[in-house]
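These are the residues of each chain, in order.
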Amino acid sequence: MSVIVIAVATESGVPIFSRKRGSTENIQFSTIASLHGINMFSKCHNLSVINTQVENGSILWKEYNKSVTLIGIVTGGLECDLELLLSCINDVMVFCVGKKELQNLKNIDQLKRDLRQCYPILDYLLESLDPNLVPSMTLVLDLTQSFLCLQAQQLQQVLDNYAERVTGRWACLSIHGHLVATSSDFYELDPRESRLLLLLAAAQDGAPLRDTLVYLPYMSPDVAFRAVTCKLLADVYVLVVCGATPALSQIDEIVLQCWEVYAQIIKEAKLVYPRNFPLSINFDPCILGIFLVNIKRRRCVFSRHLQPTNQKFRGMSGAHRIDILRTFYITSARSLAPELSISENMDKGSKPEMIGKVSETYWCSEYHKCHAQRSGNLLCCVLYAPTVPTHTMRLLTTQMLQEFLTNKDIHW
């Protein structure tokens, strides 16, 4: 598996950056020039290259802001929505330097230097596509990775208090790169902006306190906000978007005042990982993995550690289970939630056209079975052992969905 993303200036063809992950060599300048030349040749003839298939992979060209062309190359059987990946990378670029600087490419060398700050987020994003590289951080590009715990409501109250103390509006708490709790106003943000803030916190290099200027691509692409990230415990970060004041030294004191007494609660919340579901929820032993989606809030929960031990199916690695579930979601189950596929060109108030109402789908193979079912705003994708009858899969998934909808220990 390998993925390469190249950014070039649309008019001049000058490379801006190239990032790669996986078993592939560094791409040569002549190759970049050839790839860009294909796109420019098509434009000169009033044609658009949508994508092209290569051996065991594909290439996609996408132009943004009429100034930057992103080229994505995926090989090795990776199941990935390449257009969505390039859209996410464009969002990261806007998030770090602002839309105006990308539109006005007056000084490409300066832009290259400015975009270096987004490399940790880009690398984190690319690594997350392969569960064999970083299985605990695997993402679905159009959803925010989360986990559910009993302490979420209490932590939300602390976040609201903390955000108010630092004159901020949007705040979130992440553990092991997963969204755990948010401030009350957090969902005012576009889901893509929420994911960017989570990525910013997850891609931190361990600094205890960091001040970063960010642009919200859909709310404020030209005016920067201040994002302050603080490390509370190992793999636990709190991020708040606030104004120019208070100073970072004052925020450090406020963090101590707001969070010190809740250290034990955070430690208890950390124990939910990597199961990612409260211990009060029990799962049948034939369930090998689960992927739960909150459609309204664009959040998801992955888990492959549902049982203390699973001797019978220990040959299927955790990374393999997540890869199967994610592939099942991308290729089949996502169609049960057309709201997640709304085009960027559609108005926020409009709804996608639906043909009929399909509420479930399934896969069957020699080695495993998958079943997905939707109820209201929840979509549940489950990986089962191959010996489970199809009608039993449906019964178990229905029971789990009902549990997720009614269990008082679940707080999104």
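Values in this document were obtained by computation on a predicted structure and should not be read as measured data. The numbering scheme is per chain: residues are counted from 1 as the chain's sequence reads. Only residues with pLDDT of 70 or above have their local features reported here, since the model is predicted, and side-chain atom pairs are shown and tallied only from 80 upward, although totals for entire chains, interfaces and linings are computed over all residues. Each side-chain value is worked out from all heavy atoms of the structure, with water and hydrogens disregarded.

**A word on the overall build of the protein chain**
Inference 1: Strands here mean DSSP runs of E at least two residues long; helices mean DSSP runs of H or I at least four residues long; both are numbered from the N terminus. Helix and strand content of the protein chain: eleven helices and 16 strands.
Inference 2: Both definitions apply: the radius of gyration is a C-alpha atom measure, and the globule rule equals 2.2 Å times residues to the power 0.38. Radius of gyration (C-alpha) of the protein chain: 22 Å, near the 22 Å computed for a compact globule of 412 residues.
Inference 3: Oriented by its inertia axes, the alpha-carbon framework of the protein chain measures out at about 60 × 55 × 40 Å.
Inference 4: Only protein chains enter the calculation, and the probe is 1.4 Å; a residue is then buried if its accessible area is under 20% of its type maximum, exposed if over 50%, and partly exposed in between. Looking at the protein chain as a whole, 53% of its 412 residues are labelled buried.
Inference 5: We call two residues in contact when some of their heavy atoms are within 4.5 Å. In the protein chain, the proportion of contacts linking residues at least 24 apart, taken out of those at least 6 apart, comes to 62%.
Inference 6: Areas reported as accessible are Shrake-Rupley estimates using a 1.4 Å probe. Residue values count occlusion only from the protein chains shown. As presented, the protein chain carries roughly 19100 Å² of accessible surface, and 50% of it is formed by carbon and sulfur atoms.
Inference 7: For the protein chain, the distance from the average position of its 39 positive side-chain charges to the average position of its 39 negative side-chain charges is 2 Å. Charged residues are defined here as Lys and Arg on the positive side and Asp and Glu on the negative side; His and the ends of the chain fall outside this count. To locate a charge, the coordinates of NZ of Lys, CZ of Arg, CG of Asp or CD of Glu are taken.

**Examining the side chain of S58**
Inference 1: Its place among the elements puts S58 in strand β4 (residues 57–64).
Inference 2: When residues no more than four places from it in sequence are discounted, the contact partners of S58 are T52, Q53, G72, I73, V74 and L82.

**Regarding the pairing of β4**
Inference 1: The buried fraction of β4 amounts to six of the eight residues, a majority that puts the element mostly inside the structure.
Inference 2: Of the strand pairs in this sheet, strand β3 (residues 51–54) and β4 are connected by four bridges, and their pairing is antiparallel. Bridge pairing links T52 to I59 in β4.
Inference 3: Across eight bridges, β4 lies against strand β5 (residues 68–75) in antiparallel orientation. When the bridges of β5 are listed, I59 appears paired with I73.
Inference 4: A pair of strands counts as paired when DSSP detects no fewer than two bridges linking them. Where β4 hands over to β5, the hairpin turn is made up of three residues, of which N65 adopts a positive phi near 60°.

**A closer look at the sheet that holds strand β10 (residues 220–233)**
Inference 1: One open sheet accounts for five strands, arranged β8-β7-β11-β10-β9; its pairing is antiparallel. Both edges of this open sheet fall to β8 (178–182) and β9 (209–216), since each of them pairs with a single strand only. Strand-to-strand twist across the sheet, computed as the mean angle between neighbouring axes with direction ignored, equals 30°.
Inference 2: Relative to strand β11 (residues 236–242), strand β7 (residues 170–175) is paired through six bridges, and the arrangement is antiparallel. Residue pairing for β11: L173 is matched across the bridge by V238. Axis lines are fitted through C-alpha atoms, for helices just across the contact stretch, and the angle between N-to-C directions can take any value from 0 to 180 degrees.

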